[in-house]
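Chain by chain, the residues run as shown.
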Amino acid sequence: MPNRNTVVDNMASSENTAVSIIIPTYNRGHTIRRALRSALRQTVSPKEIIVIDDGSSDDTERIVKKIISHHPEVRLKKNIHNSGSGVSRNTGISIASGEFISFLDSDDIYPNRGSLKRMYDLAHRNGLAICGSLRELKIGWKIIETNDFREECRKSPEGPILEYKDYQQDYDFTSYIFKRSFLIDNDLMFPPYRRYQDVPFFVNCMIKSEKFCIAPICGYRYTIDRKHPAVCDDRNTEDLIKGITETIRIASKNDLPILLTRTIERLNSEYRKIISSNYKRGNKRIPILLREADDAINRDLEGCENLSVTSIDNIVVK
């Protein structure tokens with residue numbers, strides 16, 4: 001059921017929906033049309049598109065309602081208070097009618113009209129709960145193809161079936177579709193973090209599924225928006241570290257040394273500047289959270305005996 005923070009509009013939907021596309025959004029009036037246009041162009045049928053407006057104060061709601069007037073397969077859900085994209089996606093999962101779920105960020109697009117159908121058909125053919133696709137990045141006007149699974153698809157042009165333990169990837173969950181009953185039956189939901197909530201969700205799904213397939217089609221275009229960077233206030237920075245720490249615990253518990261090493265590297269390098277800047281602005285909880293992350297490392301895993309959360313400027317974490 002939707003949470004009490006959600007107001008639901010346009011509830012009509014088909015019980016035979018193939019794919020539900022869930023789009024969380026917050027103050028993305030400048031990009032939501034583009035995202036919805038790419039979702040509406042998808043050839044998979046029947047489909048539904050669920051927009052979760054997470055308390056936007058711009059014209060996002062007006063734009064979505066105008067699109068709904070011409071496209072009844074679009075549904076709008078409004079959070080009364082801003083709750084974060086993870087909570088919004090959970091709401092979408094709970095009210096979706098589709099056999100499979102696809103997550104689309106409101107500033108991204110599906111670059112190919114047939115990508116969801118290709119993934120849906122491949123998942124059915126292989127009897128798998130998770131199917132992914134290739135992806136690309138948009139930085140300004142430049143489109144960059146990523147290398148994820150392109151070699152595997154070249155070797156298996158019908159779509160490779162892969163085991164998660166061999167790859168242990170943590171990013172790019174939006175490039176995948178997930179069987180809704182698989183999520184519900186295994187209580188696979190996003191934790192309520194404001195940042196880095198997608199990685200624990202995705203990793204837990206992959207661990208439970210064990211296997212996944214990849215459709216040899218570019219199914220997702222991720223936009224790096226330098227004009228509207230992510231907010232890095234105390235809450236978001238703390239949640240970032242909490243999400244990373246949860247991922248460390250998951251990797252440590254499930255004997256995933258590649259994932260564990262990659263996650264520590266992200267904390268020490270990729271997010272170093274964000275965390276350090278927040279600490280310098282006076283957030284005294286940062287050292288405590290970093291110690292918790294360091295304590296969560298299972299150094300008995302192969303190749304992980306020397307892993308540690310390194311010091312960030314003057315923060316002593318050990």
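Going by the structure above, here's the rest.
An account of the accompanying structure is given in this report. (Residues numbered from 1 in each chain as written. Predicted model: local features only at pLDDT ≥ 70, side-chain atom pairs only at ≥ 80, totals over all residues. Heavy atoms only, no water.)

Now for the packing of helix 8 (residues 234-253) against helix 10 (residues 272-280). One can describe the packing of helix 8 onto helix 10 by two numbers: an axis separation of 10 Å at closest approach and a directional angle of 135°. It follows from the interaxial angle that helix 8 and helix 10 lie oblique. The two elements helix 8 and helix 10 meet at a crossing, and its hand is left-handed. Residue-level inspection shows Asp-234, Thr-237, Leu-240 and Ile-241 of helix 8 in contact with helix 10, the latter providing Ile-274, Ile-275 and Asn-278. The residue makeup of the contact of helix 8 with helix 10, split by class, is 4 nonpolar, 2 polar and 1 charged. (Axes fitted to C-alpha atoms, helices over the stretch in contact; angles between N-to-C directions. Helix = DSSP H or I, 4+ residues; strand = E, 2+ residues; numbered from the N terminus. Parallel < 35°, antiparallel > 145°, perpendicular 65-115°, else oblique. Left-handed = near helix turned anticlockwise from the far one by under 90°. Contact = heavy atoms within 4.5 Å. Nonpolar A, V, L, I, M, F, W, Y, C, P; charged D, E, K, R; others polar.)

Tallying each qualifying case throughout the model produces 17 salt bridges. Across the pair Asp-59 and Arg-62 runs a salt bridge whose closest N-O atoms are separated by 3.2 Å. With a relative accessible area of 32%, Asp-59 lands in the partly exposed category. Look at Arg-62 and you get partly exposed, because its relative accessible area is 48%. Notably, a salt bridge pairs Glu-145 with Arg-150, separated by 3.9 Å at the nearest N-O pair. Taking the relative accessible area as the measure of exposure, Glu-145 reaches 55% and is therefore exposed. The class of Arg-150 is partly exposed, set by a relative accessible area of 23%. One network of salt bridges, in which partners are shared, links Glu-61, Lys-65 and Lys-78. (Salt bridge = Lys/Arg side-chain N within 4 Å of Asp/Glu carboxyl O. Buried < 20%, exposed > 50% of the residue type's maximum accessible area, 1.4 Å probe, protein only.)

Now for the nonpolar core. If you look at the biggest cluster of nonpolar residues, it comprises 54 residues, and the most contacted ones within it are Phe-103, Ile-130, Tyr-176, Phe-178, Leu-183, Phe-212 and Leu-260. Once residues within four sequence positions are removed from consideration, Leu-260 is found in contact with Ile-248, Ala-251, Ser-252, Ile-297, Asn-298, Leu-301, Cys-304 and Leu-307. The next biggest cluster of nonpolar side chains, apart from the first, holds 33 residues, and it includes Val-19, Val-64, Ile-177 and Tyr-220. (Core = buried A, V, L, I, M, F, W, Y, C linked by side-chain atoms within 4.5 Å.)

Next up on the list: the packing of aromatic side chains. Overall, the coordinates contain 18 aromatic pairs when judged by the stated rule. For the ring pair Phe-103 and Phe-173, a centre distance of 5.6 Å and an interplane angle of 50° mean the geometry is tilted. Here Phe-103 is found in strand 5 (residues 100-103), whereas its partner Phe-173 is found in the loop between strand 8 (161-163) and strand 9 (176-179), with 70 residues between them in sequence. Side by side, Phe-103 and Phe-173 carry an identical accessibility label, which is buried. Their ring planes at 70° and their centres at 6.5 Å tell us that Tyr-171 and Tyr-196 sit as a pair that is edge-to-face. Of the two residues, Tyr-171 sits in the loop between strand 8 and strand 9 while Tyr-196 sits in the loop between helix 6 (180-185) and helix 7 (198-209), which places them 25 residues apart along the sequence. Taking the relative accessible area as the measure of exposure, Tyr-171 reaches 22% and is therefore partly exposed. Overall, Tyr-196 belongs to the buried group, its relative accessible area being 5%. In textbook terms, an aromatic cluster arises when at least three aromatic residues are bridged by ring pairs, as seen for Phe-103, Phe-149, Tyr-167, Phe-173, Tyr-176, Phe-178, Phe-190, Phe-201, Phe-202 and Phe-212. Sitting above the plane of the Phe-190 ring, Arg-89 keeps its charged end 5.3 Å from the centroid. A cation over an aromatic ring shows up here: Lys-138 above the ring of Trp-141, its NZ or CZ 5.4 Å from the ring centre. (Phe/Tyr/Trp six-rings, centres within 6.5 Å; stacked < 30°, edge-to-face > 60°. Lys NZ or Arg CZ within 6 Å of the ring centre and 35° of its normal.)

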